[in-house]
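Chain by chain, the residues run as shown.
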Amino acid sequence: MKTEELIAMAVEAMGHAYVPYSGYKVGAALLCADGSVYCGCNIENAAYSPTICGERTAFFKAVYDGHRDFTAIAVCGGKDGVLSGIFPPCGVCRQVMREFCRDDFLIYLVGADGYYETRTLAQLLPDGFSGQEFMKD
Ligand code: THU
């Protein structure tokens, strides 16, 4: 799949966001190793902390369906769904990526007008905790 196609799916996913509190719509499109794509949006809550980010919605949908092997994710967001600058994943979402992905997992940070920047998970979460440290035995 072309990166531009994955990005277009993330942009479309923003339209599903439920954001009555912040107004910031976030969309994500997660590419699995088998070529399938799972999209997610942020879903907010009146109690705030139950809010889930777009990236984690995509991951949890995919994991529920049995996927464990991921290649890349495109992420975008903006006030009222209008793209301006890039919208990098929060720390909690980076940790969820660490759970399922290796250092070379790709994150496309999508801006306006087709602009995007590429990062690896190693760049976004250096020295991340993966659980390998205590699961060796
Ligand atoms: N948000 C995401 O969906 N992903 C992130 O990685 C950062 C933040 C959402 C949460 C909230 O609904 C809105 O953006 C404003 O923080």
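Above this note sits the structure.
Draft legend 1. Broad picture of the packing of aromatic side chains. Overall, the coordinates contain 7 aromatic pairs when judged by the stated rule. Ring centres 6.4 Å apart and planes at 25° place the aromatic pair Phe 59 and Phe 100 in the stacked group. A residue pair is termed long-range when its members are at least 10 positions apart, and Phe 59 in helix H2 (residues 54–64) and Phe 100 in helix H3 (residues 91–100) qualify at 41 residues. Assessed through its relative accessible area of 1%, Phe 59 is described here as buried. By relative accessible area, which is 25% here, Phe 100 ends up partly exposed. A network of ring pairs unites the aromatic residues Phe 59, Phe 70, Phe 100 and Phe 105 as a single cluster.

Draft legend 2. Structural context of the side chain of Glu 44. Tracing the chain through its elements places Glu 44 in the loop between strand E2 (37–41) and H2. Buried charge without a salt bridge: Glu 44, with Lys 79 as the nearest opposite-charge side chain at an N-O distance of 8.5 Å. Within the structure, the side chain of Glu 44 is placed 3.1 Å from the backbone nitrogen of Tyr 21, a separation counted as a polar contact. Once residues lying within four places of it in the same chain are set aside, the contact partners of Glu 44 are Tyr 18, Val 19, Pro 20, Tyr 21, Ser 22, Gly 23, Tyr 24 and Thr 51.

Draft legend 3. Structural context of the site of the ligand. In the vicinity of the ligand, the contacting residues are Ser 22, Val 26, Asn 42, Glu 44, Thr 51, Cys 53, Gly 54, Glu 55, Phe 87, Pro 89 and Cys 90. The separation between an oxygen atom of the ligand and a polar side-chain atom of Glu 44 is 2.5 Å. A distance of 2.8 Å separates an oxygen atom of the ligand from a polar atom in the backbone of Cys 90. Across the complex, the protein chains shield 79% of the 380 Å² of accessible surface that the ligand would expose by itself. In the shell around the ligand, the residues fall into 5 nonpolar, 4 polar and 2 charged.

Draft legend 4. How the structure looks around the environment of Leu 124. Within the fold, Leu 124 resides in helix H4 (residues 121–124). With a relative accessible area of 12%, Leu 124 lands in the buried category. Considering only alpha carbons, one finds Leu 124 and Met 14, 110 residues apart in sequence, at a separation of 22 Å. Excluding residues within four positions of it along the chain, Leu 124 makes contact with Pro 89, Arg 94, Ile 107 and Arg 119.

Rules and cut-offs
- Residues numbered from 1 in each chain as written.
- Predicted model: local features only at pLDDT ≥ 70, side-chain atom pairs only at ≥ 80, totals over all residues.
- Heavy atoms only, no water.
- Phe/Tyr/Trp six-rings, centres within 6.5 Å; stacked < 30°, edge-to-face > 60°.
- Helix = DSSP H or I, 4+ residues; strand = E, 2+ residues; numbered from the N terminus.
- Buried < 20%, exposed > 50% of the residue type's maximum accessible area, 1.4 Å probe, protein only.
- Lys, Arg positive; Asp, Glu negative; His and termini not counted.
- Salt bridge = Lys/Arg side-chain N within 4 Å of Asp/Glu carboxyl O.
- Polar contact = N/O pair within 3.5 Å; in protein donor to acceptor, adjacent residues only side chain to side chain.
- Contact = heavy atoms within 4.5 Å.
- Near = heavy atom within 4 Å.
- Areas by Shrake-Rupley, 256 points an atom, 1.4 Å probe, with all protein chains shown as cover.
- Nonpolar A, V, L, I, M, F, W, Y, C, P; charged D, E, K, R; others polar.

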